[in-house]
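Analysis of the macromolecular model
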Amino acid sequence: MTTELPALSSRHHVGRIARLAWPLLVGQLALIANGVIDTVMVSRFSALDLAALALGVSIYVSVFVGLSGVLQALQPTIGQLFGAGRLGEIGREVKQGLWLALLLSIVGGLVLLFSPVFLAFAKAPPELVEKATLYLRIEALALPATLFFRVYSALNTAMARPKMVMAIQVCGLLLKLPLNALLIFGGLGLPAFGGPGCAIATTLIAWLMMTVAWLLVARLPAYRPLKLFGSGFVAPSWKILRTLLWLGIPIGLSYFIEVTAFTLMAVFISRLGAVPVAGHQITANVGTVLYMLPLSIASATSTLVAQAIGAGNMQVAKKIGNAGIRLSMSLSVLIGIMVWFTREHIIHAYTPDPLIVGAALPLFLYIAFYQLFDSLQVTTAFVLRAYKVAVVPTVIYAVTLWGVGLGGGYLLGLDPLGWTPAALRGPAGFWLANSASLGLVGAGLLAYLRLIQRRAIHAAKA
C-alpha cells in the first residue's frame, strides 16, 4: 500500500480533504456564528454595549485561542498514532490532554478574573471598561468547559470523525439565539443585561456542549478501543505532559500572536471612540467568518498529513499538504471577490446605524483582498504542525505579525509621528499593516515547509 499511495493524483487528495473539511467548516461556522449573533443583537441594544463587547471579546479570544492552541498539540499526536494503528496509546494521550486542559483553565481563569489590569491598557472610557470587565469575568466560568470540549474536538478531528463535533456545535448555536434574546433584552422576570448577557448565554451553552460530548465518548462503541473509560483513575504523567507542552506551547504562542496582532487592533482603535471601534468590530466579525473556510481546510489537511506521517508515507504527506494549500488559496480568492461586491449588503445586515456603516465600509477593501495571504499562512502552519514543527513558525509569527502588523498599524493608524496620509489614519492603517504582515508570514512559512518536507522524505529513504 505504501508504494501505491504516492501515485494517487492531487485531485484524489483534494477530495479527501474536502470530505473531511466540510463538517469542520459547518462546525466552525456554527461556533463563530455565536459571535456574529452577539454582535448583531448587542448592536441593537446600544453602541456602548457593542463597543464593550468588542473590547471584551478582543481579550477573551486572545486568552482562549492561546490556551486552546496548546491543546492543539493533541491533534498531530493522535493523528500520527491513528495513522500508525496504535489505538491503545491514543486514550493515554487524551487523558493527559484533559489534565492539561484543567491546568490551562486555572491559568486562563485567573487572567480573565483580573481583566481590569489589561483593560486599563486600552485607556477606554470608564463605563466601557466596567461592562467589558463584567463580560470577561462571566466568560471565565465558561473557559473550563470550552477547553475540555477542545480535547474532544481534537480527538475526533485527528481520527477523521468530525461530524459529531459539528452536530454538537450546531445544536449549541440553535440555543444561542433564544438565550441571547432573553439575557440581553430581558424577559421572564430577568433584567436586561445588555452585552454581558451574551457571556451568560455562552457559559450555559459551553457546559452543556461539554457534558454531551463526553457522555457520547463514554457510551458509543467507536471509542471503546481507546479505553478512555472504565480503566480507573489516571494521574497526571509529567513525561507525557512535557511532550505535549513542548509542541503545544509554541503552537499556543503562535495562536496568541496571530490573534493578539488582530484583536489588539480593537484595543488601540477604542481610543478613537465608540463608532470607529464598532465599525472595526463588524469588519472583524466578517473577516473571522471568512477565516473559517481556510481554517477548516487547514485542519483537515493537517489531519491527513499527520496520518500519512504516522503510516510512514512521507511522499503522500507532502502531496496532501501541497494540495490543501492550493485548495485553500483558490477558494479564498473567490470568496474575497464575492465579499467585495456585496459589502454594503453585508454591513447593513449587521447594523442600520449610518455612522457605524460609514466606519465599516472602507475597511472591507482589506478583508476582501487579504484572504489569499490568510489562507496561505494558516494552511501552511497547520501542515507544519502535522510534522510536529512549531518553534520556527512561532518566531516568524512574532516578528512579522507583532512587528509589521501591530507595530506598523500603530504607526499608521494612530499616527504618533504625524507622517500618515489622511486616508490611512484610524482603523484603515491597522488593517493595511495587518494584511501586509499576513503576506510576509505566508511566504516565510511556505519556504520553511518546503525545507521540512525535503528533510522528512530524505530521512524516510535513509
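Conventions adopted
Residues numbered from 1 in each chain as written. Predicted model: local features only at pLDDT ≥ 70, side-chain atom pairs only at ≥ 80, totals over all residues. Heavy atoms only, no water. Helix = DSSP H or I, 4+ residues; strand = E, 2+ residues; numbered from the N terminus. Buried < 20%, exposed > 50% of the residue type's maximum accessible area, 1.4 Å probe, protein only. Areas by Shrake-Rupley, 256 points an atom, 1.4 Å probe, with all protein chains shown as cover. Lys, Arg positive; Asp, Glu negative; His and termini not counted. Charge placed at Lys NZ, Arg CZ, Asp CG, Glu CD. Salt bridge = Lys/Arg side-chain N within 4 Å of Asp/Glu carboxyl O.

**Focus: the overall build of the protein**
A count of helices and strands for the protein gives 17 helices and zero strands. Its C-alpha atoms put the protein at 60 × 50 × 35 Å along the principal axes. A total of 462 residues make up the protein; the buried ones form 55% of that total. Surface summary for the protein: the accessible area is close to 19,000 Å², and the carbon and sulfur share equals 72%. Placing the 31 positive and 13 negative side-chain charges of the protein at their respective mean positions leaves the two points 16 Å apart.

**Structural notes on unusual backbone geometry**
Despite not being glycine, Ala-160 shows a phi value in the positive range, around 60°. With respect to the secondary-structure elements, Ala-160 resides in the loop between α6 (126-158) and α7 (163-185). Unusually for a residue other than glycine, Lys-388 sits at a positive phi of about 60°. Within the element layout of this structure, Lys-388 appears in the loop between α15 (371-386) and α16 (391-414).

**Some words on the pattern of salt bridges**
Taken as a whole and judged by the stated rule, the model has four salt bridges. Salt-bridge contacts for Arg-86 lead to Glu-89; the nearest nitrogen and oxygen are separated by 2.9 Å. A residue is classified by how much of its surface remains accessible, and Glu-89, at 25% relative accessible area, is partly exposed. Note that Glu-89 is salt-bridged to Arg-92, the shortest N-O span being 3.5 Å. Note that Glu-89 and Arg-92 are positioned in helix α4 (residues 87-113) at a spacing of three residues, about one turn of the helix. According to the relative accessible area criterion, Arg-92 is partly exposed, its value standing at 41%. In this structure, a network of salt bridges that share partners links the residues Arg-86, Glu-89, Arg-92 and Glu-93.

Don't take any of this as a statement about function, it's just geometry.
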